[in-house]
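Descriptive structure summary
So you can see what is in the structure, the chains are spelled out below.
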Amino acid sequence: MLKNLNLMQGSRINNKLSAWSQLHRTFYYNTAPIAPPVTRVPVHKNLQQCTSWAPHAVVGWYLGPALNSYRCYNVWVWETRCERIYNTLTWFPTQVKMPSPSTNELILASLLDITAALIQQTPATTSRSISQTNAEQIKEFTAIMSAYIHHKVDNTDSNPPVQSNS
């Protein structure tokens, strides 16, 4: 828990670093992924430890990343009643909602993907290539739609104007 707080807290000595980076070293999230502490997780056992029809996971509680092991986690396992290091977990967070893209973000990503697919020529599509004017129209349409979507997002984030009663 202290690790997570130190990663979020800014350093008082250098504002560009987190407190963790100031005290220890740069934290690489790819080598030691973090999640909300005390999250219930099924911990996967090695196949050598299980018989064919036995459960392949035990219930545990995520405590934090195992910093001295690559992509491993400290987990308190109910079955053994001790803390252990595991490399395979399944995440089922109940207290924290997983982020998902908005409708506008999905539409914009789709438009950009379509534009890239139509403009980039691959050997399979060279016989039916699009003309330069069509490519320019597609780019223009994508620019218009992305500006429209960004305008909509900017307007929904701002506070509505307050009406005076005078």
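Before any of the text, the structure's been laid out above.
Let us look at the structure shown here. Per chain, residue numbering runs from 1 following the sequence as it is written. Where local features are concerned, this predicted model is filtered to residues with pLDDT of at least 70; where side-chain atom pairs are given and counted, the filter is 80 or more; whole-chain, interface and lining totals use all residues. The side-chain numbers reported here are obtained from all heavy atoms of the structure, hydrogens and water having been left aside.

1. Observations regarding the overall build of the protein
In DSSP terms, a helix is any run of H or I states spanning at least four residues, a strand is any run of E spanning at least two, and both are numbered starting from the N terminus. For the protein, the helix and strand inventory stands at 4 helices and 4 strands. The order of helices and strands in the protein, counted from the N terminus, is α-α-β-β-β-β-α-α. Only protein chains enter the accessibility calculation, which uses a 1.4 Å probe. A residue is then buried if its area is under 20% of the maximum for its type, exposed if over 50%, and partly exposed in between. Taken over 166 residues, the protein has a buried fraction of 22%.

2. Quick look at the sheet that holds strand E4 (residues 82-86)
In a beta sheet, neighbouring strands are held together by backbone hydrogen bonds and run either parallel or antiparallel to one another. Any two strands with at least two DSSP bridges between them are considered paired. The antiparallel open sheet is built from 4 strands, whose spatial order is E1-E2-E3-E4. Both outer strands of the open sheet, strand E1 (39-44) and E4, are each paired with one neighbouring strand and no more. Across the sheet, the mean angle separating the axes of adjacent strands is 50° when strand polarity is ignored. The sheet contact formed by strand E3 (residues 73-77) and E4 spans 5 bridges and is antiparallel. Looking at E4, one finds that tyrosine 73 is bridged to tyrosine 86. Lines are fitted to the C-alpha atoms to define the axes, a helix being fitted only along its stretch in contact, and any angle between axes, read from their N-to-C directions, falls within 0 to 180 degrees.

3. Some remarks on the packing of aromatic side chains
Within a pair of aromatic rings, the relevant descriptors are the distance that separates the centres and the angle that separates the planes. Side-chain rings of Phe, Tyr and Trp, where Trp is taken by its six-membered ring, are said to pair if the distance between their centres is within 6.5 Å; with planes under 30 degrees apart they count as stacked, over 60 as edge-to-face, and otherwise as tilted. Tallied over the full model, the rule gives 4 aromatic pairs. Judged by centre distance (6.1 Å) and plane angle (65°), the rings of tyrosine 62 and tyrosine 73 are edge-to-face. Highlighted residues: tyrosine 62 in strand E2 (residues 57-65) and tyrosine 73 in strand E3, separated in sequence by 11 residues. Considered together, tyrosine 62 and tyrosine 73 belong to a single accessibility category, that of buried residues. Each ring, one from tyrosine 73 and one from tryptophan 91, has its centre 5.6 Å from the other, and the planes form 80°; the classification is edge-to-face. Of this pair, tyrosine 73 sits in strand E3 while tryptophan 91 sits in the loop between E4 and helix H3 (103-119), and the two are 18 residues apart along the sequence. Looking at tryptophan 91, the relative accessible area reads 32%, which means it is partly exposed. In textbook terms, an aromatic cluster arises when at least three aromatic residues are bridged by ring pairs, as seen for Tyr62, Tyr73 and Trp91. Two conditions define a charge located above a ring, namely a distance within 6 Å from the ring centre to NZ of Lys or CZ of Arg, and an angle within 35 degrees of the ring normal. Over the ring of tryptophan 78 we find arginine 81, and its NZ or CZ is 4.6 Å from the ring centre.

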